[in-house]
Amino acid sequence: MSKLVFETQAQLKEKIISAVNAAVSKGELPAGELPEFIIEKPADKKNGDFSSNIAMAGARVFRMAPKMIAEKIVSNLDLTGTLFERAEVAGAGFINFYLSQKYYSAIVSDVLSCGENYGRSDFGEGKSILVEFVSANPTGPMHIGNARGGAIGDCLSSVLDAAGYKVSREFYVNDAGNQIEKFATSLEVRYLQLCGSDIEMPEDAYHGADITAHAENFKNIHGDK
């Protein structure tokens, strides 16, 4: 299982906190409780690979303009030993971070070392989960909805499996109950009609052409016996 992306983001958070603490110890920022802040991927790659709002979030605590806070943090930021090459202050106080070439090399190495397991995780913690899909119903013909359900259900099961769940797939076949009783009655009536019996199809039975086709196939094999 690969954790490089998550570890890189966690490493960046630690570096930001260390930079804030360094600025506080130098008297560049006033002491105060570190605010909650986020690290996210910008929508536009021109704004870096990661971006943080630490300066905006800390404006009230540090009693300073966000841009000035961001500049203090960046000046105390030590990216040595990380997979980042630089950080820049942008706009009103965002701090944008840019990954180094080492990161992309590490990703390739990670993919090769993990092989088929690359991308798998233990998020599901081995919890059991049942995915029922398709639900084939013999009382009517298969259609595109059944095919779609099969594809989506199987893909969803594979995704859950890759996310660390213990997945059981159930292809449900409806072969019992009132619907099947109606199905049997419908086939019997159509068969008897094909054999010359004067019998009407019950109103609540299945009147589709597929029922007649099934009855014809049965008669072709067994005749009227």
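K.L.:
Would you explain the sheet that holds strand β4 (residues 94-99) in this entry?
P.N.:
Each strand in a sheet pairs with its neighbour through backbone hydrogen bonds, running either in the same direction (parallel) or in the opposite one (antiparallel). With antiparallel pairing, 4 strands are arranged side by side in an open sheet as β1-β2-β4-β3. Looking at strand neighbours, the two that pair on one side only are β1 (39-40) and β3 (84-90), the edges of this open sheet. Note: β3 against β4, 6 bridges, orientation antiparallel. Looking at β4, one finds that Ala87 is bridged to Phe97. Its contacts with the sheet put helix α4 (residues 66-75) on β3 and β4, and the angle it makes with β3 is roughly 160°.

K.L.:
What is the right way to read the packing of helix α7 (residues 178-194) against helix α8 (residues 209-222) from this model?
P.N.:
For any two helices packed against each other, one specifies the inter-axial angle together with the distance between the axes. The geometry of α7 relative to α8 is characterised by a closest axis approach of 9 Å and an angle of 60° between their N-to-C directions. Our classification of the angle between α7 and α8 gives oblique. At the point where α7 passes α8, the crossing takes the right-handed sense. Across the interface between the two elements, Phe183, Ser186, Leu187, Arg190, Tyr191 and Leu194 from α7 touch Ile211, Thr212, His214, Ala215, Glu216, Phe218 and Lys219 from α8. Its residues placed into classes, the contact of α7 with α8 shows 7 nonpolar, 3 polar and 3 charged.

K.L.:
Any chance you could explain the side chain of Ser157 here in plain terms?
P.N.:
Residue position: Ser157 is located in helix α6 (residues 144-162). For Ser157, a relative accessible area of 0% corresponds to the buried category. Leave out the neighbours within four places in its chain, and Ser157 touches Val131, Phe133, Val167 and Arg169.

K.L.:
Teacher, can you tell me more about the packing of aromatic side chains here?
P.N.:
Working definition: an aromatic ring pair is given by the centre-to-centre distance plus the angle between the planes. Applying the stated criterion across every chain, the model contains 4 aromatic pairs. Between the aromatic rings of Phe84 and Phe97, the centroid separation amounts to 6.2 Å while the plane-to-plane angle is 70°, which identifies the pairing as edge-to-face. A residue pair is termed long-range when its members are at least 10 positions apart, and Phe84 in strand β3 and Phe97 in strand β4 qualify at 13 residues. Residue Phe84 shares its accessibility class with Phe97, and that shared class is buried. Taken together, a centroid distance of 5.2 Å and an interplanar angle of 90° make the contact between Tyr191 and Phe218 edge-to-face. Here the residue Tyr191 occupies a position in helix α7, and Phe218 occupies one in helix α8, the gap between them amounting to 27 residues. A connected cluster of aromatic rings, assembled from ring pairs, spans Phe50, Phe84 and Phe97. Lying across the ring of Phe37, Lys13 places its NZ or CZ 5.7 Å from the centre. Between the NZ or CZ atom of Arg86 and the centre of the ring of Tyr98, over which it lies, the distance is 3.8 Å.

Rules behind the numbers
Residues numbered from 1 in each chain as written. Predicted model: local features only at pLDDT ≥ 70, side-chain atom pairs only at ≥ 80, totals over all residues. Heavy atoms only, no water. Pairing = 2+ DSSP bridges. Helix = DSSP H or I, 4+ residues; strand = E, 2+ residues; numbered from the N terminus. Contact = heavy atoms within 4.5 Å. Axes fitted to C-alpha atoms, helices over the stretch in contact; angles between N-to-C directions. Parallel < 35°, antiparallel > 145°, perpendicular 65-115°, else oblique. Left-handed = near helix turned anticlockwise from the far one by under 90°. Nonpolar A, V, L, I, M, F, W, Y, C, P; charged D, E, K, R; others polar. Buried < 20%, exposed > 50% of the residue type's maximum accessible area, 1.4 Å probe, protein only. Phe/Tyr/Trp six-rings, centres within 6.5 Å; stacked < 30°, edge-to-face > 60°. Lys NZ or Arg CZ within 6 Å of the ring centre and 35° of its normal.

The analysis is restricted to geometry; functional conclusions fall outside its scope.
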